[in-house]
Amino acid sequence: MKMQGKIIIFLLLFSSVVWAKSDWDFYQKYGHTSAKWDSLVEAGLETFDGGNLDTAQNFLQRAAALGCKDGLVQLKLAQIIEAKGNLSGAAETILKLKPLLDQQYPKYPQTRDLAGHLGRLYYQLEKYDKALPFFLEAIEKQGENFLFLYLAGQIYRMQEKKAEAITFFEKALQQKPSPESPGPMVLLASLELMRLYFAAEQFDKALQTAEAVLDADPAIAEAQNIRDEIRRAKYKEKEHKTWERILNR
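Residues numbered from 1 in each chain as written. Predicted model: local features only at pLDDT ≥ 70, side-chain atom pairs only at ≥ 80, totals over all residues. Heavy atoms only, no water.

### Quick word on helix 10 (residues 146–158)
Move 1: Compared with the 18 Å implied by 1.5 Å per residue over 13 residues, the 18 Å span of helix 10 between its first and last C-alpha is a close match.
Move 2: Within helix 10, 11 of the 13 residues are buried, which leaves it mostly tucked inside the rest of the structure.
Move 3: The set of residues buried in helix 10 consists of Phe146, Leu147, Phe148, Leu149, Tyr150, Leu151, Ala152, Gly153, Gln154, Ile155 and Tyr156.
Move 4: The opening residue of helix 10 is Asn145, an N-cap whose side-chain oxygen sits 3.1 Å from the backbone nitrogen of Leu147.
Move 5: Of the residues trailing helix 10, Glu160 is marked for its positive phi of about 65°. (Helix = DSSP H or I, 4+ residues; strand = E, 2+ residues; numbered from the N terminus. Expected span 1.5 Å × (residues − 1). Buried < 20%, exposed > 50% of the residue type's maximum accessible area, 1.4 Å probe, protein only. Polar contact = N/O pair within 3.5 Å; in protein donor to acceptor, adjacent residues only side chain to side chain.)

Printed below as a string of C-alpha cells:
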C-alpha cells in the first residue's frame, strides 16, 4: 500500500476516537432535550458507540424529524455519513455545525477537535488549500502535534512555499508521533526535510538529515545519492582549498 493510503487510513482512525465520558452524558447536560425525542437520541448514541451505524442513523434521524436541533445529534449523523464514505457531505455538514457546537458543546472533546477534523477531511478530499487553515487553527488551539505539523508541512511543500514547509517539518520532527501514526511517517517527514534542505542549498543540514534517514533505513537510494553528492562536493571543495594553499606559498 502506498504511504499516502496509509496516511488516509490513519486519518480515518484518528477521527473515530471514543471519549471517556459518554455522549449521552454530554447531551443530557448541554443538549436540546425533550421528552418527545430523548429516548431516540439515547438509543441512537448508544448504537453509534456500539458500531451499529445504520440503526444509529435511523434513531437520530427520527429524533431530528421530531424537531431535535441538537449539535451533537447532527455531528453524529455527519460522522455516520463520513464512515460510509461521503467525506464531502460530512465536511459540509460539520463546517455548518461548527458555530453551533462551539456555542452548545464547548467542553465536548470533539468540539475542540473540529478544526483538526475538518482539516483531515479536506486533506482526504485533496482540497489542500481548504485543509491548511484548519490545521493551523488546530495547532493554535490544541498545541503543536506531529500529525498536524506534518500535514501542514506537506501542503506548504505542495504550494511550493519551501521556507514554511521546512519550518513545519522541523517542528513536526521535534514532536512525539501519536502511537497510532504509521511508523514511516517520521521517516517521510525526514525525507521531505532532506529534499527541501538540498533544494535550498542548505547542504550541511541536508547531509545531517540524509544520514539520519539512512540510520533508520540504509536502503533508501535517494538519501544515499544526496549524502554521496554532498560528500563529493565537500571533498572537492577541501581539495581545491588545499591546492590554493600550496600554489600561493
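Still more ground to cover, so stick around.
### Here's the deal with the pattern of salt bridges
Move 1: Considering all chains together, one arrives at 14 salt bridges under this definition.
Move 2: The salt bridge involving Arg157 is made with Glu192; its shortest N-O contact spans 3.2 Å. Of the two residues, Arg157 is situated in helix 10 and Glu192 in helix 12 (residues 184–199); the sequence distance between them amounts to 35 residues.
Move 3: Using a relative accessible area of 8% as the deciding quantity, one classes Glu192 as buried.
Move 4: Here the residues in one salt-bridge network are Lys98, Asp102, Glu137 and Lys141, joined through shared partners. (Salt bridge = Lys/Arg side-chain N within 4 Å of Asp/Glu carboxyl O.)

### Some points on the side chain of His117
Move 1: Structurally, His117 is set in helix 8 (residues 114–124).
Move 2: At a separation of 2.8 Å, a polar atom in the side chain of His117 contacts the side chain of Glu82.

### A short note on the nonpolar core
Move 1: Core analysis: the largest hydrophobic core is formed by 69 residues, its most contacted members being Tyr27, Val41 and Tyr150.
Move 2: Counting residues per element, this core draws most heavily on helix 10, at 9 residues.
Move 3: Excluding residues that lie within four positions of it along the chain, Val41 makes contacts with Trp24, Tyr27, Leu60, Ala63, Cys68 and Val73. (Core = buried A, V, L, I, M, F, W, Y, C linked by side-chain atoms within 4.5 Å. Contact = heavy atoms within 4.5 Å.)

### A short note on the confidence of the model for the protein
Move 1: Within the protein, residue pLDDT values average 88, and 84% of them lie at 70 or more.
Move 2: Between residues 15–20, whose pLDDT stays under 50, and residues either more than four places distant or in other chains, the model counts 8 contacts. (pLDDT = per-residue confidence, 0-100.)

### Thoughts on unusual backbone geometry
Negative phi characterises most residues that are not glycine, and trans characterises most peptide bonds.
Move 1: Even without being glycine, Glu160 reaches a positive phi, approximately 65°.
Move 2: Following the sequence through the fold, Glu160 ends up in the loop between helix 10 and helix 11 (162–173).
Move 3: Although it is not a glycine, Glu201 sits at a positive phi angle of roughly 60°.
Move 4: With respect to the element layout, Glu201 can be found in the loop between helix 12 and helix 13 (203–216).
Move 5: Its relative accessible area of 59% is what places Glu201 among the exposed residues.

### A look at the side chain of Gln110
Move 1: Looking at the secondary structure, you find Gln110 in helix 7 (residues 109–112).
Move 2: A polar contact of 2.4 Å, which involves the side chain of Gln110, links it to the side chain of Gln79.

### Overview of the packing of aromatic side chains
Move 1: Within this structure, the stated rule accounts for 13 aromatic pairs.
Move 2: Taken together, a centroid distance of 5.1 Å and an interplanar angle of 70° make the contact between Tyr123 and Tyr128 edge-to-face. There is no split in this pair, since Tyr123 and Tyr128 are both buried.
Move 3: In this structure an aromatic cluster arises from ring pairing among Phe26, Tyr30, Tyr105 and Tyr108.
Move 4: For Lys171, the ring lying beneath its charged end belongs to Phe168, and the centroid distance is 5.7 Å. (Phe/Tyr/Trp six-rings, centres within 6.5 Å; stacked < 30°, edge-to-face > 60°. Lys NZ or Arg CZ within 6 Å of the ring centre and 35° of its normal.)

### Some details on the packing of helix 11 against helix 12
Move 1: Where helix 11 contacts helix 12, the axes come no closer than 9 Å and their chain directions differ by 145°. Helix 11 and helix 12 meet at a crossing whose hand is left-handed. Contacts between helix 11 and helix 12 involve Lys162, Ala165, Ile166, Phe169, Glu170 and Leu173 from the first element and Val186, Ala189, Ser190, Glu192, Leu193, Leu196, Tyr197 and Ala199 from the second.
Move 2: Residues that form the contact of helix 11 with helix 12 fall into these classes: 10 nonpolar, 1 polar and 3 charged. (Axes fitted to C-alpha atoms, helices over the stretch in contact; angles between N-to-C directions. Left-handed = near helix turned anticlockwise from the far one by under 90°. Nonpolar A, V, L, I, M, F, W, Y, C, P; charged D, E, K, R; others polar.)

### Examining helix 8
Note that an α-helix has 3.6 residues per turn; residues three or four places apart therefore point the same way.
Move 1: Counting buried residues in helix 8 gives 11 out of 11 residues, a clear majority hidden from the surface.
Move 2: Residues of helix 8 that are buried include every one of Leu114, Ala115, Gly116, His117, Leu118, Gly119, Arg120, Leu121, Tyr122, Tyr123 and Gln124, and no others.
Move 3: A positive backbone phi angle near 65° is found at Glu126, which sits one or two residues after helix 8.

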